[in-house]
Amino acid sequence: MRLLLWLFVTLLPVVTIEATGILVPVAQQEVQNEGIIFRNLTFDQALKNAKSENKIIFIDCYTVWCGPCKHMANVVFKDQALAEYFNKNFINLKFDMEKGEGITLRKRFGVDVFPTFIFVNGDGEIIHRIVGGSDAPEFLEKAKEGTGTKGLVKMQERYKKGDRDTQFVIDYIGVLGDAYLTDEAEAVSREFIEGKETEMLDKESYFNIFINYIDDPNSNVFQYVLAHKGDFVKKYGKQQVEQKLYRVWASYPVKTFVKKDGDTYKMDEVAMKAYIKQMKKYGVKEYAQIELLTRMSEDEKTGNWKAYVDRGTKILTNKNMSCSEQELYTWAVKVDRKCSDMKLRIRTSKWFDKVLTEIKDREVELTKNSVSQNNAELVQLREMKRAFVNLQQRLTEPKVSR
């Protein structure tokens, strides 16, 4: 198990479930002199104010179960410099995306991942979007750039008009990534990087585009890196290169081979079999785990929770397989959300035993070596522990219909 704190607290995929205890709902009210002031307005009222005050609307799209949302609310949005800028320049709103007007806004603006932060003009048009958490200085910089010349909408317009200046395209890809527009980011990245494969060894910014946005193992860029793996490992390090190659091999079949067939989903067995053969040809040691992960995606979509838990347990108990805390947490949230079989829920709760032991050991180590209880890594570690403990507890209880 790998303790990837930055990944766990930065972003959670959408899973609509109330996780009691992970995050206390924040009332939609103004809090004076305590971080960002969120106004008690409907969206229509905010639009009128935006026009009369000549301001942009900032919306924090959160859910009560989202750990990273809580970190942003309780830590990042309390930062004095960030709060002063937001209170001066924006009309700040926050909506629970699973309640009241938040449900309507979620559909209107296509909010699929939490936390998501959107910036809207007085006409109700999105001008910028940020997905995922960050620290206060980085978030402030993203907000300033996004509402200026590097805003999402303005950059989309420039790109559509044919602007292909190198630095502009690199910046544009980053903005698309921040907005979690993954398909668009990959399309622009492929157009930009294909034909420049040889330059990735000399230009790290080009290589970073591959790392962040190219997810097709059949693309020319991926095949080039694969063929020159030794050179890339020497330049950028074995861990980074191998982790990227694995992510691409693992994510592609989930997106491609589990297809809707009438009212349900079905694995394209012919394509999966050919893909396993392809992975073996290229020496992908994790091909068995990748097949299990792909079949877990099919199990989730077809509601076969016994097979889902069986496969997850197989990965966790196989010494030649592994998963990150983010993956583990996401697997378990899906069981908590959709599975009512108590035997399967209890089996899933046991998935956390090992990772909680590792987290507690790390917490003891950090506490001994830290001069402050506000040490960033320690705070994040405790947030992770609290999220796992709460989810583990819920899994041992009967599922409540919502």
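Chains are numbered independently. Their residues run from 1 in the order of the written sequence. Predicted model: local features are reported for residues with pLDDT of at least 70 only, side-chain atom pairs are reported and counted for 80 or more only, and whole-chain, interface and lining totals are derived from all residues. Excluded from the side-chain calculations are hydrogens and water; all other atoms, namely the structure's heavy atoms, are used.

**Student:** An account of the overall build of the protein chain is requested, with residue identities and associated values reported.
**Tutor:** The numbering of helices and of strands both runs from the N terminus, where a helix is a DSSP run of H or I of at least 4 residues and a strand a run of E of at least 2. Scanning the protein chain for helices and strands turns up 20 helices and 8 strands. When each of the 402 residues of the protein chain is scored for burial, the buried share is 48%. Between two residues, a contact is recorded if the distance between any of their heavy atoms is within 4.5 Å. Taking as baseline every contact in the protein chain between residues at least 6 positions apart, the subset at least 24 positions apart corresponds to 67%. Here, Shrake-Rupley sampling with a 1.4 Å probe gives the accessible areas, and only protein chains in the shown set may cover a residue. Carbon and sulfur atoms form 49% of the exposed surface of the protein chain, whose accessible area is close to 19,900 Å². Here the term buried applies to any residue with accessible area under 20% of the maximum for its type, exposed to any over 50%, and partly exposed to those in between, with areas from a 1.4 Å probe on protein chains only.

**Student:** Quick rundown of the nonpolar core? Include the residues and the values.
**Tutor:** Only buried Ala, Val, Leu, Ile, Met, Phe, Trp, Tyr and Cys residues count toward a nonpolar core, and they belong to the same one when joined by side-chain atoms within 4.5 Å. The biggest cluster of nonpolar side chains holds 78 residues, and the ones touching the most others in it are Met200, Phe210, Phe232, Trp331, Phe352 and Phe388. Counting residues in each nonpolar core, the second largest holds 23 residues, with Leu41, Leu47, Ile59 and Phe114 among its members.

**Student:** I'd love a proper account of the pattern of salt bridges, names of residues and values included.
**Tutor:** Salt bridge, as used here, is a side-chain nitrogen of Lys or Arg placed within 4 Å of a carboxyl oxygen of Asp or Glu. Taken as a whole and judged by the stated rule, the model has 26 salt bridges. Note that Asp215 and Lys244 form a salt bridge whose closest N and O atoms lie 3.2 Å from each other. Here the residue Asp215 occupies a position in the loop between α10 (204-213) and α11 (220-227), and Lys244 occupies one in helix α13 (residues 238-256), the gap between them amounting to 29 residues. We classify Asp215 as partly exposed; its relative accessible area is 22%. Of the residues examined, Lys244 reaches a relative accessible area of 1% and is grouped as buried. In this structure, Glu242 and Lys229 form a salt bridge, with 3.4 Å as the shortest nitrogen-oxygen distance. Of the two residues, Glu242 sits in helix α13 while Lys229 sits in helix α12 (residues 229-236), which places them 13 residues apart along the sequence. Under the relative-accessibility criterion, Glu242 is labelled partly exposed at 32%.

**Student:** With reference to specific residues and values, describe the packing of aromatic side chains.
**Tutor:** Side-chain rings of Phe, Tyr and Trp (the six-membered ring for Trp) are treated as a pair once their centres are within 6.5 Å; stacked means planes under 30 degrees apart, edge-to-face means over 60, and tilted covers the remaining angles. Under the counting rule described, the total for this entry stands at 34 aromatic pairs. Both rings, one in Phe86 and one in Phe119, keep their centres 6.4 Å apart while their planes meet at 55°; by these two values the pair is tilted. A residue pair is termed long-range when its members are at least 10 positions apart, and Phe86 in helix α4 (residues 80-89) and Phe119 in strand β5 (residues 116-120) qualify at 33 residues. Judged by its relative accessible area of 0%, Phe86 falls in the buried class. Following the ring pairs from residue to residue traces out a cluster consisting of Phe38, Phe58, Phe77, Tyr85, Phe86, Phe90, Phe117, Phe119 and Phe139. Only lysine NZ and arginine CZ atoms are considered, and such an atom sits over a ring when it is within 6 Å of the ring centre and within 35 degrees of the ring normal. Here the basic side chain of Lys94 rests over the ring of Tyr62, its NZ or CZ set 5.3 Å away from the ring centre.

**Student:** Residue-level account of the state of the cysteines, with values.
**Tutor:** To count as a disulfide, a pair of cysteine sulfur atoms needs to be within 2.5 Å. Scanning the model with the defined rule gives 1 disulfide in all. The residue that forms a disulfide with Cys66 is Cys69, at a sulfur-sulfur distance of 2.4 Å. Every disulfide takes its handedness from the sign of the S-S torsion; for Cys66 and Cys69 that torsion is 85°, giving right-handed. What makes Cys66 buried here is its relative accessible area of 0%. There is no disulfide at Cys61, and the cysteine sulfur nearest it, in Cys69, is 9.2 Å away.

**Student:** Tell me about the sheet that holds strand β2 (residues 56-62), residues and numbers included.
**Tutor:** The strands making up a sheet associate through backbone hydrogen bonding, with each pair oriented either parallel or antiparallel. Read from one edge to the other, the open sheet built from 4 strands follows the order β3-β2-β5-β6, with strand pairing classed as mixed. Edge positions in the open sheet fall to β3 (90-96) and β6 (126-131), since each of these has one partner strand only. When the angles between neighbouring strand axes are averaged without regard to direction, this sheet yields 20°. Direction of pairing for β5 relative to β6: antiparallel, over a ladder of 5 bridges. The residue bridging Phe119 from the neighbouring strand is His128, located in β6. Contacts between helix α2 (residues 43-53) and the sheet are confined to β2, β3 and β5, with β3 contributing the most and set at about 170° to the helix. In this scheme, strands are said to pair when DSSP sees at least two bridges between them. A fitted line through C-alpha atoms serves as each axis, taken over the contacting stretch for helices, and the angle formed by two N-to-C directions is quoted from 0 to 180°.

**Student:** Can you lay out the packing of helix α9 (residues 182-193) against α10 for me, pointing to particular residues and giving the numbers?
**Tutor:** Orientation of α9 relative to α10, taken along the N-to-C sense of each, is 145°, at an axis distance of 10 Å. For the pair α9 and α10, the crossing hand works out as left-handed. Side by side, α9 and α10 meet where Ala185, Glu186, Ser189, Phe192 and Ile193 of the first sit next to Tyr206, Ile209 and Tyr213 of the second. Three classes are used, and their members are as follows: Ala, Val, Leu, Ile, Met, Phe, Trp, Tyr, Cys and Pro are nonpolar, Asp, Glu, Lys and Arg are charged, and the others, Gly among them, are polar. Of the residues contributing to the contact of α9 with α10, the split by class is 6 nonpolar, 1 polar and 1 charged. Take the far helix as the reference: if the near one is turned anticlockwise from it by less than a right angle, the crossing is left-handed, and if turned clockwise, right-handed.

**Student:** Residues and numbers for the pairing of strand β7 (residues 258-261), please.
**Tutor:** Two elements, β7 and strand β8 (residues 264-267), share 4 bridges in a ladder whose sense is antiparallel. Across the sheet, residue Lys259 finds its bridge partner in β8, namely Lys266. Here β7 folds back onto β8, and the loop between the two strands holds 2 residues, one of which, Gly262, carries a positive phi near 75°.

**Student:** Break down the packing of α4 against helix α6 (residues 136-146) for me, citing the residues and quoting the values.
**Tutor:** Where α4 contacts α6, the two axes come as close as 9 Å, and the packing angle between them is 25°. Between α4 and α6, the angle is such that the two are roughly parallel. As for how α4 packs across α6, the hand of that crossing is left-handed. Across the interface between the two elements, Ala81, Leu82, Tyr85 and Phe86 of α4 pack against Ala136, Phe139, Leu140, Ala143 and Lys144 of α6. Among the residues making up the contact of α4 with α6, the classes are represented as 8 nonpolar, no polar and 1 charged. In these notes the angle categories are as follows: under 35 degrees is roughly parallel, over 145 is roughly antiparallel, 65 to 115 is roughly perpendicular, and the rest is oblique.

**Student:** With reference to specific residues and values, describe the confidence of the model for the protein chain.
**Tutor:** Values of pLDDT, which run from 0 to 100, indicate the predictor's confidence residue by residue. Summarising the model, the protein chain shows a mean pLDDT of 88, and 90% of its residues fall at 70 or more. Taken as a whole, residues 2-33 scores under 50 in pLDDT and shows 111 contacts with residues more than four places along the chain or in a different chain.

**Student:** So what's going on with the pairing of β3? Residues and values would help.
**Tutor:** Across the 7 residues that make up β3, a large majority, 7, are buried. Every second residue of β3 is oriented toward a common face, with Phe90, Asn92, Lys94 and Asp96 on one face and Ile91, Leu93 and Phe95 on the other, all of them buried. Taken together, the 7 bridges between β2 and β3 define a ladder with parallel strand orientation. Pairing of Phe58 across the sheet is with Asn92, part of β3.

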